[in-house]
Amino acid sequence: MAYTLSARTSRWLHRLGLGRPELRAWALYDWANSAFVTTVMAAVFPIYFSSVAAADLPPAVATARFAMATTIALTGIAVAAPFLGALADYAAVKKKMLGIFLGLGVLATADMAFIQRGDWALAAVLFILADIGAAGSFIFYDALLPHIASDEELDRVSTTGYALGYLGGGLLLALNLAWIRRPDFFGIADAAAAARLSFLSVAVWWLVFSIPLFRQVAEPRGQSAVDERLGEGLFWVALARLGKTLRALHTYKQAFLFLVAFLLYNDGIGTIIRMAAVYGMEIGIPQNTLIAAILLVQFVGLPCAFLFGSIAEHLGTKAAIFLALTVYVAISIIGYFMQTAMHFYLMAILVGTVQGGSQALSRSLFASMIPRARSAEFFAFFAICEKFAGLFGPAIFAGTVMITGSSRHAVLAILAFFITGGLLLARVDVAEGQQMARQAG
């Protein structure tokens, strides 16, 4: 009986893309890091920043300063990413670099527990550091994917990682929400203290659930042993490899075209993730509604991430991404006309339906079109597109707020990112890109 149960469990895990220990350990990092994405990036911290740290500022100014902090963080990691990726591939330090950025993110998040009323500058600095830590760690996390998963496993492993992220981030956010709504029940002084405790809980969660990756996932072999420029030092070799990768992007033209498409449509996705709560606060959506809706996204997103993995298997990865972009167009329109809490809940359900699937399949589609031996370098450029995508949208929000005094008009601009990104995606020849990656080895 025990053997039968074990066999069933093994088959179930295989269907999810988690048939081997290293795949399970890798996917668990999504569970770990998503606590930061949900509680700090999307739900509790933006509201805490507006209502506590920047409480003495006008609401529109608080929104603009949060958007600028986001812009600074994303610019920093986008500028450093290509060099760090080249260094990680050359010297075989993907896991070490992941650990460094993980440590930065965890420490900055834990320090958020000290932010008090009026400390908007401290809050902005800690958010910048934590965001750099999270974004930097994901460069090297994503770069490990093509080393542990076969071509046939990429979509399943990537979407399961996102699904675990929704579940993990959702569970901790649910606990954080309970603390904030009923602080007296948990022996906490007030809602502000509960929010600060939430930040500390994210740091602990992120750190603890990252451990399996470092124990189970092997460091991919670097190329320093065969590089004829070894004597020149790591810095110059990494710089030379960066230049080589820039030239290679033109060789892998389908991967390059996909990157440009991803840059555009992911700008819309990133803006919705980062600015939804602050935008909701500005137009008068109640705080409890905002956090509850973001929690709803997590639990809607869990089954829908698996659903998009199945859609990709039957219709193709590119077609599944197109479906998600169509839904995002509807989300943008709802966001522009949004007036009530019910509108925000509807938008949250739609976001949960497509958010994880679109991003997971974008990651796996790109991984299938790049050479494995240079995954960190190529994923560094993927990260640039991802981070600059998150840069343009918040910058538009900040500029529009300063000019018009309202964020509502900037919401419609997001439509352009989805439409132009989708048009470029239509021109990507996935089969050609995957064939070139296989030939490179």
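None of these values were measured; they are calculated from a predicted model.

**Overview of helix α2 (residues 21-53)**
Move 1: At Val44, α2 shows its maximal bend, which comes to roughly 55 degrees, and the proline Pro46 appears one to four places after that position.
Move 2: In terms of burial, α2 is a largely internal element, 27 of the 33 residues being buried.

**Re the environment of Gly19**
Move 1: In this structure, Gly19 sits in the loop between α1 (2-16) and α2.
Move 2: For Gly19 and Val157, which are 138 residues apart along the polypeptide, the C-alpha to C-alpha distance reads 9.6 Å.
Move 3: Beyond its immediate sequence surroundings of up to four residues, Gly19 is in contact with Leu13, His14 and Arg24.

**Some words on the packing of helix α6 (residues 154-181) against helix α11 (residues 287-315)**
Move 1: Look at α6 against α11: their axes get within 9 Å of each other, and the N-to-C directions meet at 165 degrees. For the element pair α6 / α11, the angle class is roughly antiparallel. In terms of crossing hand, the pair formed by α6 and α11 is left-handed.
Move 2: Tallied by class, the residues present in the contact of α6 with α11 amount to 18 nonpolar, 10 polar and four charged.

**Overview of a nonpolar patch on the surface**
Move 1: Nonpolar side chains collect at one region of the surface, where Leu197, Leu200, Val204, Leu207, Val208 and Ile211 lie side by side and expose about 470 Å² of accessible area between them.
Move 2: In terms of residue count, the dominant contributor to the nonpolar patch is helix α7 (residues 191-208) (five residues).
Move 3: A residue is classified by how much of its surface remains accessible, and Leu207, at 45% relative accessible area, is partly exposed.

**Section: the pattern of salt bridges**
Move 1: Summed over the entire model, instances satisfying the criterion amount to eight salt bridges.
Move 2: One salt bridge connects Asp30 with Arg363, and the closest N-O pair in it is separated by 3.4 Å. A residue pair is termed long-range when its members are at least 10 positions apart, and Asp30 in helix α2 and Arg363 in helix α13 (residues 341-367) qualify at 333 residues.
Move 3: Taking the relative accessible area as the measure of exposure, Arg363 reaches 1% and is therefore buried.
Move 4: As a salt-bridge pair, Arg156 and Glu313 come within 3.8 Å of each other at their nearest N and O atoms.

**Remarks on the confidence of the model for the protein**
As a note on interpretation, predicted positions should not be read in detail where pLDDT is low.
Move 1: Overall, the predicted model of the protein reaches an average pLDDT of 83, with 88% of residues at or above 70.
Move 2: Predicted confidence in the protein is weakest over helix α9 (residues 234-251), with a mean pLDDT of 63, and strongest over α7, with 97.
Move 3: Contacts for the low-pLDDT stretch residues 1-5, under 50 throughout, to residues beyond four places or in other chains number zero contacts.
Move 4: For residues 225-231, every residue scores under 50 in pLDDT, and the model assigns this stretch nine contacts once sequence neighbours within four places are set aside.

**Some words on the packing of aromatic side chains**
Move 1: As enumerated under the stated definition, the model contains 24 aromatic pairs in all.
Move 2: With a centroid separation of 5.7 Å and an interplanar angle of 70 degrees, the aromatic rings of Trp31 and Phe209 are classed as edge-to-face. Here the residue Trp31 occupies a position in helix α2, and Phe209 occupies one in the loop between α7 and α8 (211-216), the gap between them amounting to 178 residues.
Move 3: Judged by its relative accessible area of 28%, Phe209 falls in the partly exposed class.
Move 4: Plain terms: the ring middles of Phe366 and Phe382 are 5.1 Å apart, the flat faces sit at 25 degrees to each other, and that makes the pair stacked. You can see Phe366 sitting in helix α13 and its partner Phe382 sitting in helix α14 (residues 375-404), a full 16 residues away along the chain.
Move 5: According to the relative accessible area criterion, Phe366 is buried, its value standing at 0%.
Move 6: What links up through ring pairs into an aromatic cluster is the set Phe45, Tyr48, Phe49, Phe66, Phe127 and Phe199.

**Focus: the nonpolar core**
Move 1: Trp26, Tyr29, Phe45, Met112, Phe258, Tyr265 and Phe366 are the most contacted members of the largest nonpolar core, which has 140 residues in total.
Move 2: Considering each element in turn, this core owes the most residues, 20 residues, to α2.
Move 3: Each residue touching Trp26, except ones within four places of it in the same chain, is listed here: Tyr141, Leu144, Leu145, Ile148, Val157, Ser158, Leu213, Val217 and Arg363.

**Some thoughts on the environment of Ile128**
Move 1: Its place among the elements puts Ile128 in helix α5 (residues 120-148).
Move 2: Residues Ile128 and Ala69, spaced 59 residues apart in sequence, show a C-alpha to C-alpha distance of 6.0 Å.
Move 3: Sequence-distant contacts of Ile128, defined by excluding residues within four places in its chain, comprise Ala69, Ile72 and Ala73.

**Examining the packing of α2 against α6**
Working note: a packed helix pair is described by the angle between its axes plus the distance between those axes.
Move 1: Here α2 crosses α6 at 40 degrees, and the two axes come no closer than 6 Å. Regarding the angle of α2 to α6, the classification is oblique. The two elements α2 and α6 cross, and the hand of that crossing is right-handed.

The rules behind each value
- Residues numbered from 1 in each chain as written.
- Predicted model: local features only at pLDDT ≥ 70, side-chain atom pairs only at ≥ 80, totals over all residues.
- Heavy atoms only, no water.
- Bend = angle between axes of the 7 residues up to and from the residue.
- Helix = DSSP H or I, 4+ residues; strand = E, 2+ residues; numbered from the N terminus.
- Buried < 20%, exposed > 50% of the residue type's maximum accessible area, 1.4 Å probe, protein only.
- Contact = heavy atoms within 4.5 Å.
- Axes fitted to C-alpha atoms, helices over the stretch in contact; angles between N-to-C directions.
- Parallel < 35°, antiparallel > 145°, perpendicular 65-115°, else oblique.
- Left-handed = near helix turned anticlockwise from the far one by under 90°.
- Nonpolar A, V, L, I, M, F, W, Y, C, P; charged D, E, K, R; others polar.
- Patch = residues over 30% accessible without salt bridge, like charges linked within 9 Å, V, L, I, M, F, W, Y side chains within 5 Å.
- Areas by Shrake-Rupley, 256 points an atom, 1.4 Å probe, with all protein chains shown as cover.
- Salt bridge = Lys/Arg side-chain N within 4 Å of Asp/Glu carboxyl O.
- pLDDT = per-residue confidence, 0-100.
- Phe/Tyr/Trp six-rings, centres within 6.5 Å; stacked < 30°, edge-to-face > 60°.
- Core = buried A, V, L, I, M, F, W, Y, C linked by side-chain atoms within 4.5 Å.

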